[in-house]
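# Secondary and tertiary structure notes
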Amino acid sequence: KTAVGLMSAAQLGGQHAATAASIITLVTTDDTTQAIKAARDSVSILSGPYHRQVAQLYVLLFNRAPDASGLQHWVESLQKGQTLSQVAQAMFDSEPARTYYPAGMSKEAIVSTFYHAALGREPEPDALLYWSKRLGSGLPNALGTTAVALIDSVTGYLGDDPAAQTSQRLFHNKVTVGLTYADGLGGNDLATASALIAQTTAFDTTAALTAAFAAPGAHNHLRIAQLYLLLFNRAPDADGFQYWNDR
């Protein structure tokens, strides 16, 4: 309930009290899927899709949750007119990215890193060849364009292959945990950002979210969401959440 409440107020900007109450009724001890879907369907996302898009890039490129400062920086880049592919390229070209992608790393190794980070598995031979060729196309922002296209292929998958569905679910769960940490809780610790994603599976986010709530800096946001649940049995509204956090 706390995770859904934080997502509704902090990530999605939900303001409607009735909706805040109704989505909590959909939460069970084993599943938050319906509540999260209802929250997304019912509220207006204040910053457009930017926060989720940047979180997706953090998962694909670095296999970690965004830190709050980095998330805000890249969201502002998008708001100022940079394309998502340009932001992806800039994230890859940044000095911290060399920890994940040393100089001289092959295109095939980069694609395999993407797959392990986002999908938790090795790419199929045909997929490895396809995405490696895209990386080597020589076009401007080739890596950024490839990264965005790969994310679109994962999030847009509508087929019935069980392995692909599991990979899609894993990616969505990692992004949700990442947004909860950076956007919902304001987390900035990079070691925690990596550890949370390592604890996320395609079928369970409980361990990761529990760790996120216990992370340094999460205390105020967490307590406010818990108070709304205890006192009103609903998610916080965005204005109320911000008001009490400022206090």
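Here's what I pulled together on the structure shown here. Just so you know, the residues in each chain are numbered from 1, in the order the chain's sequence is written. It should be noted that, the model being predicted, local features are given only for residues of pLDDT at least 70 and side-chain atom pairs only at 80 or more, the latter also being counted only at that level, while totals for whole chains, interfaces and linings use all residues. As a rule here, side-chain values cover all heavy atoms of the structure and leave hydrogens and water aside.

### Re the overall build of the protein chain
- Of regular secondary structure, the protein chain possesses 14 helices and zero strands.
- The order of helices and strands in the protein chain, counted from the N terminus, is α-α-α-α-α-α-α-α-α-α-α-α-α-α.
- Within these notes, the globule rule equals 2.2 Å times the number of residues to the 0.38 power, and the radius of gyration is based on C-alpha atoms. Taken against the 2.2 N^0.38 rule, which gives 18 Å for 247 residues, the C-alpha radius of gyration of the protein chain at 18 Å falls within 12% of a compact globule.
- Along the first, second and third principal axes, the C-alpha atoms of the protein chain reach 55 × 40 × 30 Å.
- Three exposure classes are used, based on accessible area relative to the maximum for each residue type with a 1.4 Å probe and protein chains only: buried under 20%, partly exposed in between, and exposed over 50%. Evaluated residue by residue, the protein chain yields a buried proportion of 49% over its 247 residues.
- A separation of at least 24 residues holds for 65% of the contacts in the protein chain among residues at least 6 apart in sequence.
- Under the convention used here, Asp and Glu are negative, Lys and Arg are positive, and both His and the chain ends fall outside the count. To locate a charge, take NZ of a lysine, CZ of an arginine, CG of an aspartate or CD of a glutamate. Of the charged side chains in the protein chain, 16 are positive and 20 negative; the average position of the first set lies 2 Å away from that of the second. By the criteria applied, helices consist of DSSP H or I runs no shorter than four residues and strands consist of E runs no shorter than two, each listed in order from the N terminus. Here a residue-residue contact requires only that any non-hydrogen atoms of the pair lie within 4.5 Å.

### Quick word on the pattern of salt bridges
- When a carboxyl oxygen of Asp or Glu lies within 4 Å of a side-chain nitrogen of Lys or Arg, that pair is called a salt bridge. Inspection of every chain in the model, using the stated rule, returns three salt bridges.
- The closest approach of N and O atoms between Asp237 and Arg234, which form a salt bridge, is 3.3 Å.

### What about helix α8 (residues 125-135)?
- Every buried residue of α8 is accounted for by Ala127, Trp131, Ser132 and Leu135. Buried residues of α8, seen end-on, are gathered within an arc of 125° and therefore sit on one face of the element. Every exposed residue of α8 that faces more than 90 degrees away from the buried side is listed here: Pro125, Asp126 and Lys133.
- Those residues of α8 that are buried lie in contact with α7 (107-119) and α9 (142-155). When we speak of the arc, we mean the arc of directions from the helix axis to the C-beta atoms.

### Things to note about the packing of aromatic side chains
- Here a pair means two rings of Phe, Tyr or Trp (six-membered ring of Trp) with centres within 6.5 Å. Their orientation is stacked below 30 degrees between planes, edge-to-face above 60, and tilted elsewhere. Counted according to the given criterion, the structure contains seven aromatic pairs.
- Ring geometry for Phe92 and Tyr101: centres 4.9 Å apart, planes at 50°, overall tilted. Each member of the pair Phe92 and Tyr101 is classed as buried.
- Measuring from ring centre to ring centre gives 4.7 Å for Tyr243 and Trp244, while their planes differ by 80°; the resulting arrangement is edge-to-face.
- We classify Tyr243 as partly exposed; its relative accessible area is 43%.
- Grouped by ring-pair contacts, the aromatic residues Tyr58, Phe62 and Tyr100 constitute a single cluster.
- Above the face of the Phe92 ring, Arg98 is positioned so that its terminal group lies 5.1 Å from the ring centre. Here, over-ring charges are defined by two tests on the NZ atom of lysine or the CZ atom of arginine: distance to the ring centre within 6 Å, and angle to the ring normal within 35 degrees.

### Considering the side chain of Gln168
- By the element assignment, Gln168 lies in helix α10 (residues 162-184).
- Looking at Gln168, the relative accessible area reads 15%, which means it is buried.
- Any pair of nitrogen or oxygen atoms within 3.5 Å is treated as a polar contact; in protein, a donor-acceptor pairing is required on top of that, and neighbouring residues in sequence qualify only through side-chain atoms on both sides. Within the structure, the side chain of Gln168 is placed 3.4 Å from the backbone oxygen of Thr155, a separation counted as a polar contact.
- Excluding residues that lie within four positions of it along the chain, Gln168 makes contacts with Val154, Thr155, Gly156 and Tyr157.

### A closer look at the nonpolar core
- Only buried residues count toward a nonpolar core, which is a set of Ala, Val, Leu, Ile, Met, Phe, Trp, Tyr and Cys residues joined through side-chain atoms within 4.5 Å. Counting residues in hydrophobic clusters, the biggest one holds 39 residues, and the most contacted among them are Leu57, Leu61, Met91 and Phe114.
- Those elements that place two or more of their residues in this core are α4 (50-62), α5 (68-79), α6 (84-93), α7, α8, α9 and α10.
- With near-sequence residues (within four places) excluded, Phe114 lies in contact with Leu60, Leu61, Tyr101, Leu119, Leu143, Ala147 and Leu150.
- Counting 20 residues, the second-largest nonpolar core is a separate cluster that includes Ile197, Phe213, Leu222 and Phe241.

### Quick look at the packing of α10 against helix α12 (residues 206-213)
- Where α10 contacts α12, the axes come no closer than 10 Å and their chain directions differ by 5°. In this view, α10 runs roughly parallel relative to α12, as classed from their interaxial angle. Contact with α10, carried on its side by Val177, Thr180 and Tyr181, involves Ala208, Leu209, Ala212 and Phe213 of α12 and no other residues of that element.
- Among the residues making up the contact of α10 with α12, the classes are represented as six nonpolar, one polar and no charged. In this analysis, axes come from line fits to C-alpha atoms, helices being fitted only over the stretch in contact, and the angle between any two N-to-C directions falls in the range 0 to 180 degrees. Note on angle classes: values under 35 degrees are labelled roughly parallel, values over 145 roughly antiparallel, values of 65 to 115 roughly perpendicular, and the remainder oblique. Three residue categories are used. Nonpolar comprises Ala, Val, Leu, Ile, Met, Phe, Trp, Tyr, Cys and Pro, charged comprises Asp, Glu, Lys and Arg, and polar comprises the others, including Gly.

In short, geometric facts, not functional conclusions.
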